[in-house]
Every structure is written in C-alpha cells, then in structure tokens.
Amino acid sequence: MFQLVPSQLYTYTRGIGQFLQLHPTIVNVREKSKMFAWKQSPSCIALLALPLALFALATVVFYPRDFGLPSTFTSCGSSSSSAGGISAAPVQPEFRLLVGIITRPEYYERRHLLRMVYSLQQSDNNFAAHVDVRFVFCNLSTEEQAVFVALEIMCYDDIIILNCTENMDNGKTYNYFSSLPTLLDGDAKYDYVMKTDDDAFFRLPSLIESLRDKPRSDVYYGLQMPCDKENFFPFPPFMSGMGYILSWDLVEWIATSETAREDTTGPEDMWTGRWLNMAGRASNRFDNAPAMYDYRGTSPATCFRHDFVPETIAVHHLIDNARWTDALTYFNFTKGLKSSKQYHIP
C-alpha cells in the first residue's frame, strides 16, 4: 500500500506547485477564474480542504515520531499502570496489591507464560483492586542475561532486580521485602504485598474477592502450614511459600527489623513466619485452605495437596508445561479464543 510520511508529504506538495508553474498550459494559476466556471463558495473550499485535513491527521497519528510526538501504539506490552508491567487499575481501587514472583533471570519462557496468564485475567475482568505483577530476581550474572533482560524491561517494565546473589533460602525473600520501601519511595504505596513462586498460578478474581473484606494492617494471608496439626515446629505455624501476602505495614517493619536482618538463612516461608511470630506481629492471619493447594497429579491427597476445585485461589507446584496445561484446561482458560480462518485449534 502506498503511504507518505510527513517529509514525503512536504516534498510531494512542493513538487506539485513547481510542476504547475512550469506547465502554464495545463493550469494557469493567474487565469484560473477563466478555466473554472464554478464559484469558490465557503462550502466548496471546506469540501476541498476536508480530505487534506484527514490525510494530515492520519499522518500525525500513524507517524507521531516524525513530529516529535509520543506514539499512540506500543510494539511490546502495554499497561494501565504508570509503572508499566502487568497491571489492573480501576479508577478508584478498593486496595492496591503488588504480586512479586520470585524467579531467576534465565527463566525467560516461564515469564512469558506468566505474563499471558495474568494479562488475560486482567483484560477479562473489571477488578475492584489495582494489581501490579512483577518478576523478582537477584543480580544478573551473564552477558546473555544483561541483553535479554534489558529487552524485557524495555518491552514490559515488570522486573525488579535485587542487589543480591541468586539463592532460594539465604536471604532473597528478605531482600525482596526489605528493599520495597526504598525501591517504591515516592510511588503510590500498596496495601498488600505478595511473595509467590514462578510455579504457582493465582486466579486473580478469586484472590481479589477474598481480600476485599480483610483488614489493611497487620495481615498475614496464605495457606497455613502445618495444615494437619500433627507436625510440630519450634515456632507457631507459617504461611506456605507458594504465595503469601503481607500488609504494607509489615513490609515496612521487615525493612527496619533487626530480628529479620540477623536471621535470614533457612526455608524462606518458615523464616518469614518466624520473624512475625518472634515479634508478636501479624495478628490478622487468614488460612485459605482448601482454596490454596499443591498440584496433586498421581500423588496421594493431603490437607495441602488435592484435585482442582472450582473455588481455587491458587495452585502450586506447576513445575512443567504439562501441569500448566492441566490447570489451564480445568479452568477453561482458552474460552475467549475467537474463531478465525487464519488458524485451527482443536
């Protein structure tokens, strides 16, 4: 299709003028009144000017950078949040939730899947909350990561890189919580902050609905462990690392707590509960069993592992694409696929 960019439009119109001046036998501008019998009324002038005005408007819209204007369209991810990334933001949200997915820099495919899973949920629902989803990992360690992660940030702006060495149970979760008050300084604060894993699937509508009536302070929300009341630990129960939520005041407390700073080595979910228990924090605790659970597969059912249920908030241990396929199929995740002659999917 033939198109003119703004610089070509100028050259094109200027060329027409030069052509008319060099060929007076075709159109003599000075004698135009003799060649045209019709009268140049305002309506006629407006009729002639309308196509040019529409052409100029289309040029500005589709070629904004030639005029020094921001583009109306984006080539990578788009977001309703000024912070970028995967977000759901109603005009007046009842609360704000940050979902931090703990992962590793090299897990590009898993981040791609999770972006689709959470973006589709947000595009299909009118949430009562503002939800931001961010991927969290420690310092990059290879040239490949530096290039590929930089491209992700340019496209999606949904990555937080902590100043730490990659680890699971040696302070990464502490670094995540304790860094947020500084990283988000000057930005709108969240009511809740989640820590979850990249093998967990949260159904955002169910999660948000379950949080609407909860307090906004001193909150510790998740799947409480141990769930069978038969196991004993040297401290009271904690929320499973599959995904737990702290209210913002507890995040700020972790950032300044000597108790947490001096005790970071150990199973991260147990240790988060340990800090709160030792300090007498998190008086508002919410156990979401059986709506939060581990993927069962062929394993025996337990109080924390069972088959899919309709009221699911979260499923954990989706460690490979086969398990993700089972989960997304059960919850009919592709129901919104539109029919088209351009593809055929059974």
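In short, a report on the structure.

Rules behind the numbers
Residues numbered from 1 in each chain as written. Predicted model: local features only at pLDDT ≥ 70, side-chain atom pairs only at ≥ 80, totals over all residues. Heavy atoms only, no water. Helix = DSSP H or I, 4+ residues; strand = E, 2+ residues; numbered from the N terminus. Contact = heavy atoms within 4.5 Å. Expected span 1.5 Å × (residues − 1). Buried < 20%, exposed > 50% of the residue type's maximum accessible area, 1.4 Å probe, protein only. Disulfide = S-S within 2.5 Å. Pairing = 2+ DSSP bridges. Axes fitted to C-alpha atoms, helices over the stretch in contact; angles between N-to-C directions. Parallel < 35°, antiparallel > 145°, perpendicular 65-115°, else oblique. Nonpolar A, V, L, I, M, F, W, Y, C, P; charged D, E, K, R; others polar. Phe/Tyr/Trp six-rings, centres within 6.5 Å; stacked < 30°, edge-to-face > 60°. Lys NZ or Arg CZ within 6 Å of the ring centre and 35° of its normal. Salt bridge = Lys/Arg side-chain N within 4 Å of Asp/Glu carboxyl O.

Some remarks on the environment of Arg96
Moving on, step 1. Topologically, Arg96 is positioned in strand S2 (residues 95-102).
Moving on, step 2. Separated by 95 residues in sequence, Arg96 and Asp191 have C-alpha atoms that sit 5.2 Å apart.
Moving on, step 3. If near-sequence neighbours (up to four positions away) are discounted, Arg96 is found in contact with His130, Asp132, Ala188, Lys189, Tyr190, Asp191 and Tyr192.

Thoughts on helix H4 (residues 108-123)
Moving on, step 1. Relative to the 22 Å expected for 16 residues at 1.5 Å per residue, H4 spans 22 Å between its end C-alpha atoms, a close match to the ideal helical length.
Moving on, step 2. Within the span of H4, buried status applies to Arg110, Arg111, Leu113, Leu114, Arg115, Val117, Tyr118, Gln121 and Gln122.

A look at the state of the cysteines
Moving on, step 1. In this structure the tally under the stated criterion is 2 disulfides.
Moving on, step 2. Each disulfide pairs two cysteine sulfurs, and for Cys138 the partner residue is Cys164, the sulfurs being separated by 2.0 Å. Disulfide Cys138-Cys164: torsion about the S-S bond near -85°, hence left-handed. Taken as a pair, Cys138 in the loop between strand S3 (129-137) and helix H5 (143-156) and Cys164 in the loop between strand S4 (159-161) and helix H6 (172-183) lie far apart in primary sequence, 26 residues in all. The residues Cys138 and Cys164 share a single accessibility class, namely buried.
Moving on, step 3. Cys227 shares a disulfide with Cys303; S-S distance 1.8 Å. Across the S-S bond of Cys227 and Cys303 the torsion is about 65°, and the bridge reads as right-handed. You can see Cys227 sitting in the loop between strand S8 (224-225) and strand S9 (238-239) and its partner Cys303 sitting in the loop between strand S12 (292-294) and strand S13 (314-316), a full 76 residues away along the chain.

Points about the sheet that holds strand S6 (residues 201-202)
Moving on, step 1. On the basis of which strands lie adjacent, the open sheet formed by 3 strands has the order S6-S13-S12 and mixed pairing. The open sheet is flanked by S6 and S12, the only strands paired with a single partner.
Moving on, step 2. Two elements, S12 and S13, share 3 bridges in a ladder whose sense is parallel. The residue of S13 that forms the bridge with Tyr293 is Val315.

Side note on the packing of H4 against H5
Moving on, step 1. Where H4 contacts H5, the two axes come as close as 12 Å, and the packing angle between them is 10°. Between H4 and H5, the angle falls in the class roughly parallel. In contact with Tyr108, Arg111 and Arg115 of H4, H5 contributes Glu144, Gln145, Phe148, Val149, Glu152 and Tyr156.
Moving on, step 2. Of the residues assigned to the contact of H4 with H5, the class counts are 4 nonpolar, 1 polar and 4 charged.

Points about unusual backbone geometry
Moving on, step 1. Note the cis peptide between Met225 and Pro226, where omega equals -5°.
Moving on, step 2. Tracing the chain through its elements places Pro226 in the loop between S8 and S9.
Moving on, step 3. Residue Pro290 is bonded to the preceding Ala289 through a cis peptide linkage, with omega at 5°.
Moving on, step 4. With respect to the helices and strands, Pro290 occurs in the loop between strand S11 (284-287) and S12.
Moving on, step 5. Located in the positive-phi region is Asp157, a residue other than glycine, with phi close to 50°.
Moving on, step 6. Considering the arrangement of structural elements, one finds Asp157 in the loop between H5 and S4.

Examining the packing of aromatic side chains
Moving on, step 1. This structure, assessed with the given rule, holds 13 aromatic pairs.
Moving on, step 2. An aromatic cluster of three or more residues is present, and its members are Phe201, Tyr295, Phe308, Trp324, Tyr330, Phe331 and Phe333.
Moving on, step 3. In this structure, Lys214 is placed above the aromatic ring of Phe286, and the distance from its NZ or CZ to the ring centre is 5.2 Å.
Moving on, step 4. Sitting over the ring of Trp271, Arg274 keeps its end group 5.1 Å from the ring centre.

Points about the pattern of salt bridges
Moving on, step 1. Scanning the model with the defined rule gives 13 salt bridges in all.
Moving on, step 2. A salt bridge links Glu106 to Arg104; its shortest N-O distance comes to 2.9 Å.
Moving on, step 3. Overall, Glu106 belongs to the partly exposed group, its relative accessible area being 31%.
Moving on, step 4. Its relative accessible area of 31% is what places Arg104 among the partly exposed residues.
Moving on, step 5. Arg212 is paired through a salt bridge with Glu209; the nearest N and O atoms lie 3.3 Å apart.
Moving on, step 6. Through salt bridges with shared partners, a single network forms among Arg111, Arg115, Glu152 and Asp158.

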